[in-house]
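# Structure at a glance
What follows is the residue order along each chain.
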Amino acid sequence: LPRMQSSGSKPCPCPSFKLREVASMYFTMIAVFLVILVVALQGSAPRGSDFPYKVPLDPQGMLELSWNVSYPEQVVHFQLLLRDLRFGLLFGMSDRGEFENADLAVLWSDGHNSYFGDAWSDAQGQLHMDSQQDYQLLGARRAPEGLYLLFRRAFSTCDPKDYLIEDGTVHLIYGILEKPVHSLQAINISALHRGLQRVQLLKPNITVPELPSNMKTMEITAPNVVIPSQETTYWCYMIELPDHFPKHHIIMYEPVITAGNEALVHHMEVFQCAAEFDSFPHYNGPCDSKMKPDRLNYCRHVLAAWAMGAQAFYYPKEAGLAFGGPGSSRYLRLEIHYHNPLVFKGRHDSSGIRLYYTATLRRYDAGIMELGLVYTPVMAIPPGEDAFILTGYCTDKCSRLALPAAGIRIFASQLHTHLAGRKVVTVLSRDGRERQVVNADGHYSPHFQEIRMLKELVAVFPGDELITTCTYNTEDRSRATVGGFGILEEMCVNYVHYYPQTQLELCKSAVDPGYLHRYFNLVNRFNDEEVCTCPQVSVPQQFFSVPWNSFNRDVLKSLYGFAPISMHCNKSSAVRFP
């Protein structure tokens, strides 16, 4: 891009294109140069420690985003590396990754001059310069690997056209300009090479605990598999721990990504198998293959989970996750989600997760508890809903029975729904009042599920309630979506990681089935179409035969809001507390 001269100032000696903020309510081009920072950046790349978080934006890895978070300033600093800059790019955020109603930073060139500005797109995807310039360009620098762009953005700008950066998932979008454009309005978004990447931008500012000197590592990695040439693959690989492997504490884990595959490895999980089976068959292949042994379905206890953009996961210094020893299975299952939209062929991969563990046990075993809704078809979402809400309860009675007097401390959380999930939140309630948000994701995506360390420990005491609420969108469905294990059925779960471990492994609810039966009887009284309520007809079949008029929808919402609940307060052996 050509060099530029600011009006009334000396030519900028650093970047090989002009840095210009396009601002003002009348779209007047105002060149603003932050020469000091640009000069400071000239000559050496910013240190990696300045931008601890990094993610490839596109499948080829031509665009790489690094960032840091300043909580005192309430600001995110972005560094974009463009390895092959043509005539500019769009980068920004939107509710779910759409290019309509998006908040964008735009760099563009008309072939002679280059411009940078804060813009927004309307419902038709047309770009407009924002009257309030909140993406602030700080500098740019050419390097052998490409062009670095440095800019910042406040979490909240009080600009109605801007995206509010908050905890949880952020859908980042990008578009590459292949040709020069004479103005911002001339950019045709639909014609761009474009895509989206999901990240957690607001990472918790956690002090890394000191790690013991006798710490060992174990790499659980894929055995040089050939990534299938299709867009989505879930790959399963079984690992066996050594015989008589004693009890250890996992105190940290991190991803191991094969060089060159950073944009293809979407997320990974390590599961421990059920201890009641003496052995599990070896397997290395797609998780949905008919050749996969059924017994692998009993490997569901999460030991580690990583998603693109996540860093190393640290356990609090007081606790570790137990594995090995009596009553613990020696068999582990690695599951890797490969996202290969460009359908690369012949790519080999040995990615996985590196566990850091110690034989010097910490004070507490960490535990994992399931909150939310029971996997049952009595909880259902009508078709054609844009924001249908279901809530699951961990009640005061259950926490009184199952938690120690000193309570437990939640330090991490993994939210989970299937494809219709749009928002998930868990709140802590004490004495009938909501006291604290445990974890919330207002832009939740089922395609981006990671264990997230919480910004602060959440203390839960006997008598407290944990209330998990999920919001679903079924506008693309023609029949009811019921709760269950299938990918087109739904779940509403928060796996909370806490210490000290208790016997309580599952604290969830569902509507009382007797009251659901009354709902079907009511539907029959007010509608011409009959819902068969005879015992031999399953609950899903009954839901599928409901005529979904506004009355039946509203009564179902009311039922879920007011009917008594069936409570599951379960020990790890699936036995309920009395």
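Residue numbers run consecutively from 1 along every chain, following the written order of its sequence. For a predicted model such as this one, the threshold for reporting local features is a pLDDT of at least 70, and the threshold for listing and counting side-chain atom pairs is 80 or more; totals across whole chains, interfaces and linings nevertheless cover every residue. The side-chain figures draw on all heavy atoms in the structure; neither hydrogens nor water molecules are used.

As recorded by an unreviewed UniProt entry, the protein chain carries the name Dopamine beta-hydroxylase and is attributed to Uria aalge. UniProt, in its Subunit (unreviewed entry) section for the protein chain, records the words "Homotetramer; composed of two disulfide-linked dimers." UniProt positions are given in the numbering used here, feature names are shortened, and annotations may be inferred rather than shown by experiment. Listed under Pathway (unreviewed entry) in UniProt, the entry text for the protein chain is "Catecholamine biosynthesis; (R)-noradrenaline biosynthesis; (R)-noradrenaline from dopamine: step 1/1."

## Digging into the sheet that holds strand β29 (residues 408–416)
The mixed open sheet is built from six strands, whose spatial order is β32-β29-β35-β26-β36-β37. Of all strands in the sheet, those with a lone pairing partner are β32 (452–460) and β37 (565–571), marking the two edges. Along the sheet, successive strands turn relative to each other by an average axial angle of 25 degrees, direction set aside. Here, a strand pair is defined by DSSP locating no fewer than two bridges between the strands. For the purposes of this entry, the term helix denotes a DSSP run of H or I that reaches at least four residues, the term strand denotes a run of E that reaches at least two, and both are numbered from the N terminus. Where strand β26 (residues 367–373) meets strand β36 (residues 504–511), four bridges bridge the pair, whose relative direction is parallel. Bridged to G372 within β36 is K508. Lines fitted to C-alpha atoms define the axes, with helix axes restricted to the stretch in contact, and inter-axis angles between N-to-C directions lie between 0 and 180 degrees.

## Some remarks on the sheet that holds strand β22 (residues 331–339)
Backbone hydrogen bonds hold the strands of a sheet together, and the pairing may be parallel or antiparallel. The five strands are arranged β18-β15-β22-β17-β19 in an open sheet whose pairing can be described as antiparallel. Strand pairing shows two members of the sheet lacking a second neighbour, β18 (284–286) and β19 (301–307), which therefore form its edges. Mean inter-strand twist for the sheet, computed between neighbouring axes without regard to direction, equals 15 degrees. Where strand β17 (residues 265–272) and β19 come together, six bridges link them in antiparallel fashion. The residue of β19 that forms the bridge with H267 is A307.

## Examining the pattern of salt bridges
Only one rule defines a salt bridge in this text: a Lys or Arg side-chain nitrogen within 4 Å of an Asp or Glu carboxyl oxygen. One pass over the full model with this rule turns up 21 salt bridges. Between R86 and D84 there is a salt bridge, with its nearest N and O atoms 2.8 Å apart. Each residue is placed in one exposure class: buried if its accessible area under a 1.4 Å probe, protein chains only, is under 20% of its type's maximum, exposed if it is over 50%, and partly exposed if it falls in between. You can call R86 partly exposed: its relative accessible area is 37%. Assessed through its relative accessible area of 37%, D84 is described here as partly exposed. The partner of R333 in a salt bridge is E335, and the shortest N-O contact between them spans 2.6 Å. Like E335, R333 is buried. Taken together, the shared-partner salt bridges in this structure form one network comprising D84, R86 and E178.

## Considering the packing of aromatic side chains
Stacked, edge-to-face and tilted labels apply to pairs of Phe, Tyr and Trp rings (six-membered ring for Trp) whose centres lie within 6.5 Å, assigned for plane angles under 30 degrees, over 60, and everything in between, in that order. As enumerated under the stated definition, the model contains 24 aromatic pairs in all. Summarising the aromatic geometry, the rings of Y315 and F411 are spaced 5.5 Å apart at their centres and angled 65 degrees between planes, so their arrangement reads as edge-to-face. Of the two residues, Y315 sits in the loop between β20 (313–314) and β21 (319–323) while F411 sits in strand β29, which places them 96 residues apart along the sequence. Looking at Y315, the relative accessible area reads 1%, which means it is buried. One aromatic cluster is present, formed by Y253, F313, Y315, Y364, F411 and Y499 through successive ring pairs. Criterion for a charge above a ring: Arg CZ or Lys NZ at most 6 Å from the ring centre, at most 35 degrees from the ring normal. The ring of F271 has R300 lying over it, and the distance from NZ or CZ to the ring centre is 5.4 Å. Across from the ring centre of F344, 4.4 Å away, lies the NZ or CZ of R347, which sits over that ring.

## Structural notes on the side chain of T169
Position of T169 relative to the elements: it lies in strand β11 (residues 169–176). Since its relative accessible area comes to 0%, T169 is described here as buried. Here a polar contact is recorded for every N or O atom pair within 3.5 Å, except that within protein the pair must consist of a potential hydrogen donor and a potential acceptor, and residues adjacent in sequence are included only if both atoms are side-chain atoms. Of note is the side chain of T169, whose polar atom sits 2.6 Å from the side chain of D441. Working rule for contacts: check all heavy atoms of both residues, and any pair within 4.5 Å makes them a contact. Apart from the residues within four sequence positions on either side, T169 is in contact with Y163, R198, V199, D441, H443, Y444, S445, F448 and R452.

## Concerning the state of the cysteines
Note that a disulfide, as used here, is simply two cysteine sulfur atoms within 2.5 Å. Tallied over the full model, the rule gives five disulfides. Between the sulfur atoms of C398 and its disulfide mate C569 the distance is 2.0 Å. Because the sign of the S-S torsion sets the handedness, a value of about 85 degrees for the bond joining C398 and C569 places this disulfide among the right-handed ones. In this pair, C398 sits in helix α2 (residues 396–402) while C569 sits in strand β37, placing the two residues 171 residues apart along the sequence. Here C398 falls in the buried class, since its relative accessible area comes to 3%. According to the relative accessible area criterion, C569 is buried, its value standing at 8%.

## So, a nonpolar patch on the surface
A patch consists of residues exposed above 30% relative accessible area that lack any salt bridge, with like charges linked at up to 9 Å and nonpolar side chains (Val, Leu, Ile, Met, Phe, Trp, Tyr) linked at up to 5 Å. Residue burial considers only the protein chains on display, and all accessible areas are found by Shrake-Rupley using a 1.4 Å probe. On the surface, L419, I487 and L488 cluster together to form a nonpolar patch covering roughly 290 Å² of accessible area. Here L488 shows up in the loop between β34 (481–482) and β35 (493–499). On the basis of relative accessible area, L488 is assigned to the exposed category, the value being 58%.

## Details of the UniProt feature "domain: DOMON" (unreviewed entry) in the protein chain
Those residues carrying the UniProt feature "domain: DOMON" (unreviewed entry) are residues 61–177 in this numbering. Taken end to end, residues 61–177 has its terminal C-alpha atoms 16 Å apart, with 0% of it in helix and 56% in strand.

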